[in-house]
Amino acid sequence: VPHNLSFVTTLYSICRQTNRNDSDDEDNLQSNFSRLIYNMPFRRFIITKSLLLVSGASTVIRAGSRFCSIPSNPIAAYMSLGPLLLAEFCSLCYDLENTSIATKNSASQSTHYLSLTQLSLRAFSFCVHGLSTSTTNQAMSNAQRVQFMISNAIRIASRAAPSSKDGWDYYQSLNVQGNNAPQDEIELKKSLTPFVSFKVDANAPVRLCLFSELMRSSMYGEAIECCHLIKAAAASFSEPSIKHHLSVMLLRCFEQIKQVGVGLLSLDHGEGNQNESCVCYAIDTAFELNNNLDGDTFVPFPHGFLGLDLMSKKGFQLARSKMGLTSMCPNYWPEKHLDRLMDEFSSQLGCPGTIQQITWALTVQLGCSSIFSEVMNSSSPVTKRNSGLACIRSASKTSGSNFAKETRSIANMISASIESGLNSAEFVTAKLIPHMSGSTLNMAQRLVMCLLMSASKVIHASSPSAEFVDTSGSFASLLLKSTKKLYSILARLLLSFLANPHSLESSETKCLLKYLASNLMQSVAALLYTLQEKHETTGGKFLTENKIETHGKISALLVCEKEKLDNAFLKIGAKLKHVGVRSDWLQEYSFISLNRDFVIKRADIQLAKEREAPRTKKNTVSGDKRKINCETSGKMMKQKKNDKAAVPVAKIVEGDEEVDDVSHDSGGDEEFESDDNDVVSLGNLTNDMGDNDLSEGEDLDGDSFNADSNEHSSSEIEFDSENE
C-alpha cells in the first residue's frame, strides 16, 4: 500500500475493486459499496486500524496481510489521514449511539470499548502530534504543517457536516494576535480557536467552541480527546505566551457551559449525565502548557541580558520568552481576579501562574479548617470572588463521589508539580553549584531561591484545604514531605554561601526567608497539628497503625530538617560576622531551640518493644534466652531500686580502726554523671525513619555519644541542641 495515500481511501478502493471482479453490474456494485460504508463494525475497523497506523502501535492488519510501518517521511500520510478522520468525527457526532454518552466508557483506554467519535478524534490527535514533533527536513515548519492540515480538515468537515459550516466560518473570521510570536504560530493559534476559545467581547453573540459544546452535551470522552488535541498542537509553538493563553482559555471554557448559545457543531443531545466531568484532564493539560512550576517562577536576569530593558514590561516579557518561560498576563484571567493578581505582580518575586490559580481556586471551594482561619485572614485576602474558577465549581456540582475523585486527582497533580520544581532546585544545588564560582554562582543561587519561593507559595496555598482533600490525610502528608525537602535544599543552599557570603544579601534571599517566616511556617505548624489530630476516616472508621506511623515519621523528619536549617543559619551568620558583614537580619528568620521539653527513657522503649512483640510458643532455646534476659533485667532493676532507696556507706580504714562515713550526696552525683554520659541527639531517634544510613551512636550532624556501661545508670535520653 503506498504510504502517501490515505489508508481509509485505500481500503475503500480495495473493496470497490474486489466487488468489481465479482460482478459487472454497476448498480449492484454501488449498492454493495454503500452497504459496506454504512456498516458500523466496518467503520470501527477502519478507524481503529487508522489509529494504530498513525500512532505506531501496530502494523499488522490481518493474519497474512501486513502493512509496513510509516517510513521516515510520514508527512504525506498524516496530511491525507487527518482531514478524513476529523470529517468522520463531525459526521458521527450527530448520532447519539456513536458517542461516549451511549458507551459510558469515556476514560477507557481500550479501543474496543471507545465510541466511534472518540476513536476518530484520538486518531486525528495522533496525526497532529506526528506533524508537531516531526524532525524531517522540510521547507515548512512544524507550525505551518499543522496549520495547513487543520485548515484542510476544517474544509472537508464543513462538507461532511453542513450544519457546522457556520461555526467553522465564524471562528476563521476572527482576528488573533500573538505577543512577539512568529506569523506561522499566530496562524496556527487562529486554526485552534474553533476547538478551544473564550468569548471576550460581551456584545458579541455567544458561540460555543468545540470543547465547551462537548462539555455541555456531556460528551466527556470526546472532551478528553480534545484536551489531548490541544496538547499535541501546542508542541509546535516556540512562543511560551501562546501556550499560556491556550491553557487559560481551556480553563475558562467551563464558564460558557451554562450559557445559552449555539455550538460549533450545533449538537442537540441535551445535558445528559451531570454526575461526571473531565476537569482533571483539562487542568493537567493547562499545567503542561504552563511548564508546570516553572511558569509560576520569577527568574532573575543579569544586567543587560540580550540588550533588553528589563525594567520595562515589554522587555521583561521578551526576556522570559527567550528563556522559554511564559509571559504572565493578568488580563487572560476573569476580571474579578485582576485586583488580587495585580497586587501579587507588584510584590517582590510575584509571578502567579496557572498552578497558583488552580490551587487557590481549590482551596476556596473546599474551604479551610478552623485552625487555618487565623492564618488565612492574617496573610492572604483570598475569597471565592477573587479566586474562584468555573472549572472547580463545575466539578463540585457533580456527584459527591465524582467530586472527591476529581479533587484527589487535582491534588496529586499539584503535589507532582511541587516535587518537579524541588527536584530541579535540588539538582542545581547538589550537582552544579559546588562547581561554580563568581557571577555564575551568584545567578545559580538566586535562581534556586526563586524556585523555592514558587514551591513555598503553592504549599502555603494548598495547606488550608488539605484536610478536606482526602479522609486519610495523604495530601497533607505529601505537603509536609515537600516542605521537608524544601528545608533540606535551603539548608544546603545557605551553606553554599560560605564561598561568597557577600551574595547572601540579595533581594531573592531576603524575600524567600521573609515569606518562610511570615507565611509558610504558620501554615506548616497548623498542618502538623491537623495531621496529628487525624485519627478517623469516613464512616467513623479509624486510620490504620501503619498510616499513623507514616504520618509520624514524616512529621519527625520535618522537625529534624528544620533544626538542621537553623544550624545552617548559625553557621552562615558566624561566617558573615567573621568577614565583617552585618548578620543581625538573619536572626529574624531563624528559630533556635535550646532544649526540649520531653525526656525518653531507654527502659521505657525496651519495655514497650517487649510488650508489643508477638507471642511465640515456648521452646528450649528461646526459654533459656528469655530466662537469662529476665534475670539480667531483674537484677538491674532491683539493683537500681536499691541504689535509690538505700543510703550508701563508705568504710575508711585508718590504721587498725574502721570509721563509717555517711556520704549523702554521692549517689546523686553518680546518677547525674551517668545521665550526662548517656545523652544522644535527635538523629538517633530518626535514624530508622530517614534514608541516611548512620551508625549507632552517631547523630545527623556527625556528633557521637558515649554511653556509660555502668549498670547503676538511670538510662535517660535527653535532647540537647547543637549549640549547647
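Given the structure is predicted, the values throughout are model-derived calculations rather than measurements.

**Examining the side chain of Glu225**
Note that Glu225 resides in helix α11 (residues 220-234). Note on Glu225: relative accessible area 2%, which makes it buried.

**Observations regarding a positive patch on the surface**
On the surface, Lys258, Lys336, Arg385, Arg393 and Lys397 cluster together to form a positively charged patch. With respect to the element layout, Lys397 can be found in the loop between α19 (390-396) and α20 (400-432).

**Points about the packing of helix α7 (residues 142-160) against helix α9 (residues 183-192)**
Contact pair α7 / α9: the axes reach a minimum separation of 9 Å and the direction vectors enclose 30°. When the interaxial angle is binned, α7 and α9 end up roughly parallel. Of the two elements, α7 crosses α9, and the hand of that crossing is left-handed. Between α7, through Ala143, Gln144, Val146, Gln147, Ile150, Ser151 and Ile154, and α9, the contact on the second element is made entirely by Asp184, Glu185, Glu187, Leu188, Ser191 and Leu192. By residue class, the composition of the contact of α7 with α9 is six nonpolar, four polar and three charged.

**Section: the nonpolar core**
Phe124, Phe195, Phe211 and Leu452 are the most contacted members of the largest nonpolar core, which has 147 residues in total. Tallying contributions element by element places helix α23 (residues 474-496) first for this core, with 11 residues.

**Observations concerning the packing of helix α6 (residues 116-132) against α11**
At a closest axis distance of 8 Å, the pairing of α6 and α11 adopts a crossing angle of 5°. The angle between α6 and α11 falls in the class roughly parallel. Residues Thr117, Gln118, Leu121, Arg122, Phe124, Ser125, Val128, His129 and Ser132 of α6 pack against Gly221, Glu222, Glu225, Cys226, His228, Leu229, Ala232 and Ala233 of α11. Residue composition of the contact of α6 with α11, by class: seven nonpolar, seven polar and three charged.

Cut-offs and rules
Residues numbered from 1 in each chain as written. Predicted model: local features only at pLDDT ≥ 70, side-chain atom pairs only at ≥ 80, totals over all residues. Heavy atoms only, no water. Helix = DSSP H or I, 4+ residues; strand = E, 2+ residues; numbered from the N terminus. Buried < 20%, exposed > 50% of the residue type's maximum accessible area, 1.4 Å probe, protein only. Patch = residues over 30% accessible without salt bridge, like charges linked within 9 Å, V, L, I, M, F, W, Y side chains within 5 Å. Areas by Shrake-Rupley, 256 points an atom, 1.4 Å probe, with all protein chains shown as cover. Salt bridge = Lys/Arg side-chain N within 4 Å of Asp/Glu carboxyl O. Lys, Arg positive; Asp, Glu negative; His and termini not counted. Charge placed at Lys NZ, Arg CZ, Asp CG, Glu CD. Axes fitted to C-alpha atoms, helices over the stretch in contact; angles between N-to-C directions. Parallel < 35°, antiparallel > 145°, perpendicular 65-115°, else oblique. Left-handed = near helix turned anticlockwise from the far one by under 90°. Contact = heavy atoms within 4.5 Å. Nonpolar A, V, L, I, M, F, W, Y, C, P; charged D, E, K, R; others polar. Core = buried A, V, L, I, M, F, W, Y, C linked by side-chain atoms within 4.5 Å.

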